[in-house]
Amino acid sequence: MRRKGSRYEHSKAFADDKKFAGFRERKLGLPAGIVEHTVLHSDRQDQLANAYYKNDRRWWRILDANTEFLYGFEMLDEPMYGDVVSIPAAREKRE
């Protein structure tokens, strides 16, 4: 079940013939309102989300904006220290 307003609200379910209750991937567009953040050794995604959005549970917005990373830990791993990651606006624009 998807809640109204969920980021998965418009994702399609897998075919019922397999009896798998999951959803297909979400289509990601270009995020609006991007700012850049230089990665520090002390950064964590929940702390970045709290600093930029005042909500530590919106860390997934930051990961979605940096599609070159498959896993969140890669974005803040030691080889990334000093590099720049994108921080999108807190919410997507509704069309």
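Attention in this report is confined to the structure presented alongside it. Note that the structure is a prediction, hence the values are computed from the model and not measured. (Residues numbered from 1 in each chain as written. Predicted model: local features only at pLDDT ≥ 70, side-chain atom pairs only at ≥ 80, totals over all residues. Heavy atoms only, no water.)

**Observations regarding the overall build of the chain**
Here's step 1: On a plain count of helices and strands, the chain comes out with three helices and two strands.
Here's step 2: The proportion of buried residues among the 95 residues of the chain is 28%.
Here's step 3: Only carbon and sulfur atoms are counted for the fraction: they give 50% of the accessible area of the chain, which is about 7700 Å². (Helix = DSSP H or I, 4+ residues; strand = E, 2+ residues; numbered from the N terminus. Buried < 20%, exposed > 50% of the residue type's maximum accessible area, 1.4 Å probe, protein only. Areas by Shrake-Rupley, 256 points an atom, 1.4 Å probe, with all protein chains shown as cover.)

**What about the packing of aromatic side chains?**
Geometry of an aromatic ring pair is reported as the spacing of the ring centres plus the angle between the planes.
Here's step 1: One pass over the full model with this rule turns up one aromatic pair.
Here's step 2: Here the aromatic rings of Y71 and F73 are separated by 5.7 Å at their centres, their planes lie at 10 degrees, and the arrangement is stacked.
Here's step 3: For F73, a relative accessible area of 57% gives the class exposed. (Phe/Tyr/Trp six-rings, centres within 6.5 Å; stacked < 30°, edge-to-face > 60°.)

**As for the environment of S42**
Here's step 1: With respect to the helices and strands, S42 occurs in the loop between β1 (35-38) and α1 (45-53).
Here's step 2: Sequence-wise, S42 and Y81 are 39 residues apart; in three dimensions their C-alpha atoms are separated by 9.3 Å.

**Side note on the environment of L63**
Here's step 1: On the secondary structure map, L63 appears in helix α2 (residues 59-65).
Here's step 2: In sequence terms L63 and S86 are 23 residues apart; their C-alpha atoms lie 8.7 Å from each other.
Here's step 3: Discounting residues that sit within four places of it in the chain, L63 has contacts with Q45, F69, Y71, G72 and M75. (Contact = heavy atoms within 4.5 Å.)

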